[in-house]
Amino acid sequence: MSDWGPVFVAVVLFVLLSPGLLIQAPGRNRFVEFSNFQTSGVSILVHSVVYFALMCIFLLAIGVHLYMGS
């Protein structure tokens, strides 16, 4: 059996935390902007740090596991 938990968590967080897709922090005009489809270097850095922190929380602290197959 293979553990698909880390893969599932990584894909979902990557889609949700893509800068400019759902939210962008910091935005160009405000601190948080929603669905503007633009990005900057600072927002990429912020989203990367948030992504890393959430991955550590979900995989190391909580221990998400999802077993599929036989």
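See the structure shown above.
Residues numbered from 1 in each chain as written. Predicted model: local features only at pLDDT ≥ 70, side-chain atom pairs only at ≥ 80, totals over all residues. Heavy atoms only, no water.

**Q** Is there a simple way to think about the overall build of the protein chain in this case?
**A** A tally of helices and strands in the protein chain yields 2 helices and 4 strands. N-terminal to C-terminal, the α/β element order of the protein chain is β-α-β-β-α-β. Computed over C-alpha atoms, the radius of gyration of the protein chain comes to 15 Å, more than 25% over the 11 Å expected from 2.2 N^0.38 for 70 residues, which places it beyond the range of a compact globule. When its C-alpha atoms are laid out on the principal axes, the protein chain stretches across 50 × 20 × 15 Å. Across the protein chain, contacts joining residues at least 24 apart in sequence account for 53% of those joining residues at least 6 apart. Carbon together with sulfur atoms contributes 75% to the accessible area of the protein chain, which is approximately 5000 Å² in total. (Helix = DSSP H or I, 4+ residues; strand = E, 2+ residues; numbered from the N terminus. Rg over C-alpha atoms; globule rule 2.2 N^0.38 Å. Contact = heavy atoms within 4.5 Å. Areas by Shrake-Rupley, 256 points an atom, 1.4 Å probe, with all protein chains shown as cover.)

**Q** Would you explain the packing of helix 1 (residues 5-16) against helix 2 (residues 41-62) in this entry?
**A** Helix packing for two helices is described by the angle between their axes and how far apart those axes are. The contact between helix 1 and helix 2 brings their axes to 11 Å, and the two run at 150 degrees. By the criterion of interaxial angle, the relationship of helix 1 to helix 2 is roughly antiparallel. The crossing of helix 1 and helix 2 is right-handed. Mapping the contact onto sequence places Pro6, Val9, Ala10, Leu13 and Phe14 in helix 1 and Tyr51, Leu54, Met55, Phe58 and Leu59 in helix 2. Partitioning the contact of helix 1 with helix 2 into residue classes produces 10 nonpolar, no polar and no charged. (Axes fitted to C-alpha atoms, helices over the stretch in contact; angles between N-to-C directions. Parallel < 35°, antiparallel > 145°, perpendicular 65-115°, else oblique. Left-handed = near helix turned anticlockwise from the far one by under 90°. Nonpolar A, V, L, I, M, F, W, Y, C, P; charged D, E, K, R; others polar.)

**Q** How should I be thinking about helix 2 in this particular structure?
**A** Because an α-helix packs 3.6 residues into every turn, residues spaced three or four apart end up facing the same way. Counted at 1.5 Å a residue, the expected span for helix 2 with its 22 residues is 32 Å, and the 30 Å between its end C-alpha atoms agrees. One or two residues past the end of helix 2 sits Gly63, with phi positive at roughly 75 degrees. (Expected span 1.5 Å × (residues − 1).)

**Q** Would you mind going over the nonpolar core with me for this structure?
**A** If you look at soluble globular proteins, the nonpolar side chains tend to sit buried side by side. Formed by Val9, Ala10, Leu13, Leu17 and Met55, the largest nonpolar core amounts to 5 residues. Of all the elements, helix 1 adds the most residues to this core, at 3 residues. Those residues in contact with Leu17 that lie beyond four places of it in its chain are His47, Val50, Tyr51 and Leu54. (Core = buried A, V, L, I, M, F, W, Y, C linked by side-chain atoms within 4.5 Å. Buried < 20%, exposed > 50% of the residue type's maximum accessible area, 1.4 Å probe, protein only.)

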